[in-house]
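# Structural overview for review
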Amino acid sequence: MSHILGVVKQRVSEALVAAFGANGQGMDSAVTPATDSKFGHYQCNAAMGLARVLKSNPRAIATRIVEDLKVGDICEAPEIAGPGFINMTLRKDFLTGRLRDLLGDDRLGVPLDGAHGAAARVVVDFSSPNIAKELHVGHLRSTIIGDCLARVMEFRGHETLRRNHVGDWGTQFGMLIAHLKDRCPEALTETSEVDLGDIVAFYKEAKKRFDEDESFKERARLEVVSLQSGETEAIRGWQVLCDQSRRQFQEIYSLLDIEIEEKGESFYNPFIPDTLEELEKLGLIVESDGALCVYPEGFKNKDGDPLPLIVRKRDGGFNYDTTDMAAIRYRIREEKADRIVYVTDAGQAQHFAMIFSAAEKAGWLGDVEAVHVPFGMVLGEDRKKFKTRSGETVRLRDLLDEAVRRSRAIVDEKNPELDEVTRDQVARVVGIGAVKYADLSQNRISDYVFSFDKMLALQGNTAPYMIYAYVRIQSIARKVGIDLTTLTPDDIATLETPEEVDLAHGILRFPEVIEAVERELAPNRLTDYLFDLSQTFSRFYTENRVAGDPRETTRLALCALTARVLRKGLSLLGIQVLDQM
Ligand code: ARG
């Protein structure tokens, strides 16, 4: 079943054709949810656009549209307002019917597949930190946003390949392996697992030697050669280093409840020769200064010279560009992706635009949609790049621990009667949820200021507020002594009060919001909606008594559905709910 916005749009499109023939054909129905419920539920602005085309009065055009608008089964008579807006208010019996259907629908009205055809396969490339380096707040954004998008795709029924494109290859391994040979030679021979301790500290030590000691630098260079030619000891060293990093990353993923499959840069090494050969055959490779380059059209540096993707360096080595070319080809050819989504900081926008353009030119892309999902920076409260007080990059682990610690302090203060285990659980769910929600609720392109106080506040567009709204509904049910899952469609009587109607409409908007998140790859569409819904719920609950009212069961059903939408919505953001807090 189509969501309500879809139905209204469809009806308006039909009216446009009926009233204006060819002029109305293919025209945008310009229907949006009303900004204020006193104007009804949906608004159509098509008359303004048409008036410009037809050089006529928008109000007269709106009147013509309304004459042909067949919405009697879903709306009250449409009203024309101001210069020519058409306002539509949904009928109570229509909303009631939809609400009854929803009660028995465990997908809450969200259809499986659709926007991207049958069982589309989507690759989501996210998180993707670099081995032996710190997982920093930039990776946090990629991890949280990418996970949310993957969850939405999965819920919509797309086969979703969650890919961790870790930086596990490259010249930096030369110095790491050389340093490993000195510091921990047993790591290269023993078959048992070795623990190198903090891998980031290890990286820093190696880097220091590399910068200061010429002979070490030379050894590092030779190790790169050994690694690239597959020499056993170098490979073993590389594996030890990767494993150590992997364990550190995994701790964070467990804490964040993230599932992701590693196919790092090195995975694509075997596919590089074929990739280059194919590009060569297509005549796309140009030699420049000994390096092999691909020049996608339309990319220039600041001097106006064309910008290359360097697919083979002068020394014969491969780099980030090479791997991404091999990876996109693999994802299309081998993994048969229909859509490939890359979640990284906005700074890499040009890199991906060039990769997509080159893949297009090579004829790989076809109908496949490759998109870069960029995001802005995380700022400190001083609005500068987020750093620790001593000026270092903030370690993700510390940041998450701090969120949980602070959230625990709040629980201890507000709810000392909860037992220890419950308080720990609340602190974890709320603390981690708060960090995720704060990130996802931003327009992802903008930079945002990281503030523990704001994200942990019980009021406002925050995780604690949303989780609390859910908890409140659970406690209403406990008070009435009812299991909300036992309600059936017959329990819902026709809606009456304006707050009931608003809440029902809010609940029924869930599918159109999910569609928007999927289309725009914008998690904040979902957080905005959930925030709106919980505020609508608050107004409903203030004005409409539930327990003991003659309309108790209908209202309980509204409570039940609100709770289900909140729980599902939050779970798509990667956030859990609680029964009490
Ligand atoms: N490792 C990169 C970084 O830390 C991100 C990789 C993104 N994915 C890709 N296919 N290039 O910035």
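One structure accompanies this document, and this report is about it.

### Some remarks on the site of the ligand
Taken together, D125, S128, N130, H139, H165, Y320, D324, Y342, T344, Q348 and F352 are the residues near the ligand. Between the ligand and the protein, one listed contact pairs a nitrogen atom with a side-chain N or O atom of D125 at 2.8 Å. Between a nitrogen atom of the ligand and a side-chain N or O atom of N130, the distance comes to 2.8 Å. In isolation the ligand offers 350 Å² of accessible surface; the protein chains occlude 89% of this area. Taken together, the elements giving at least two residues each to the shell around the ligand come down to α11 (320-333) and β11 (339-345). Residue classes in the shell around the ligand are distributed as three nonpolar, six polar and two charged.

### Some details on helix α9 (residues 232-256)
When the terminal C-alpha atoms of α9 are compared, their 36 Å separation across 25 residues agrees well with the 36 Å that a helix rising 1.5 Å per residue should span. For α9, every residue scored as buried is listed here: A234, G237, W238, V240, L241, C242, Q244, S245, F249, I252, Y253 and L256. Just beyond α9, the residue with positive phi is D257, at close to 60°.

### Some remarks on the sheet that holds strand β4 (residues 85-88)
The four strands are arranged β1-β2-β4-β3 in an open sheet whose pairing can be described as antiparallel. The two strands at the open ends of the sheet, each matched to only one other strand, are β1 (31-33) and β3 (79-81). Adjacent strand axes in the sheet meet at a mean angle of 30°, parallel and antiparallel pairs treated alike. The sheet contact formed by strand β2 (residues 42-44) and β4 spans three bridges and is antiparallel. Residue pairing across strands places Y42 opposite M88, the latter belonging to β4.

### Comments concerning the nonpolar core
Proteins that are soluble and globular tend to have nonpolar side chains buried together. Counting residues in hydrophobic clusters, the biggest one holds 154 residues, and the most contacted among them are I65, L399, F510 and L526. Setting aside chain neighbours within four positions, we find L399 in contact with V137, L140, F386, V394, V435, F450 and F452. Ranked by size, the runner-up nonpolar core spans 34 residues in total, among them I272, V311, W364 and V368.

### Section: the packing of aromatic side chains
Applying the stated rule across the entire model yields 15 aromatic pairs. With a centroid separation of 5.9 Å and an interplanar angle of 40°, the aromatic rings of F267 and F271 are classed as tilted. Residue class for F271 comes out partly exposed when judged on its relative accessible area of 26%. Between F537 and F540, the ring centres sit 5.8 Å apart and the planes meet at 45°, which makes this aromatic pair tilted. Here F537 and its partner F540 are both found in helix α19 (residues 523-543), three residues apart, which amounts to about one turn of the helix. There is no split in this pair, since F537 and F540 are both buried.

### Overview of the sheet that holds strand β7 (residues 261-262)
Within the open sheet, the five strands sit side by side as β7-β6-β5-β11-β12. Their pairing is parallel. Each edge of the open sheet is held by one strand with a lone partner, namely β7 and β12 (369-375). Pairing between β11 and β12: seven bridges, direction parallel. In the sheet register, V341 faces β12, and the bridge partner there is V371.

Calculation criteria
- Residues numbered from 1 in each chain as written.
- Predicted model: local features only at pLDDT ≥ 70, side-chain atom pairs only at ≥ 80, totals over all residues.
- Heavy atoms only, no water.
- Near = heavy atom within 4 Å.
- Polar contact = N/O pair within 3.5 Å; in protein donor to acceptor, adjacent residues only side chain to side chain.
- Areas by Shrake-Rupley, 256 points an atom, 1.4 Å probe, with all protein chains shown as cover.
- Helix = DSSP H or I, 4+ residues; strand = E, 2+ residues; numbered from the N terminus.
- Nonpolar A, V, L, I, M, F, W, Y, C, P; charged D, E, K, R; others polar.
- Expected span 1.5 Å × (residues − 1).
- Buried < 20%, exposed > 50% of the residue type's maximum accessible area, 1.4 Å probe, protein only.
- Pairing = 2+ DSSP bridges.
- Axes fitted to C-alpha atoms, helices over the stretch in contact; angles between N-to-C directions.
- Core = buried A, V, L, I, M, F, W, Y, C linked by side-chain atoms within 4.5 Å.
- Contact = heavy atoms within 4.5 Å.
- Phe/Tyr/Trp six-rings, centres within 6.5 Å; stacked < 30°, edge-to-face > 60°.

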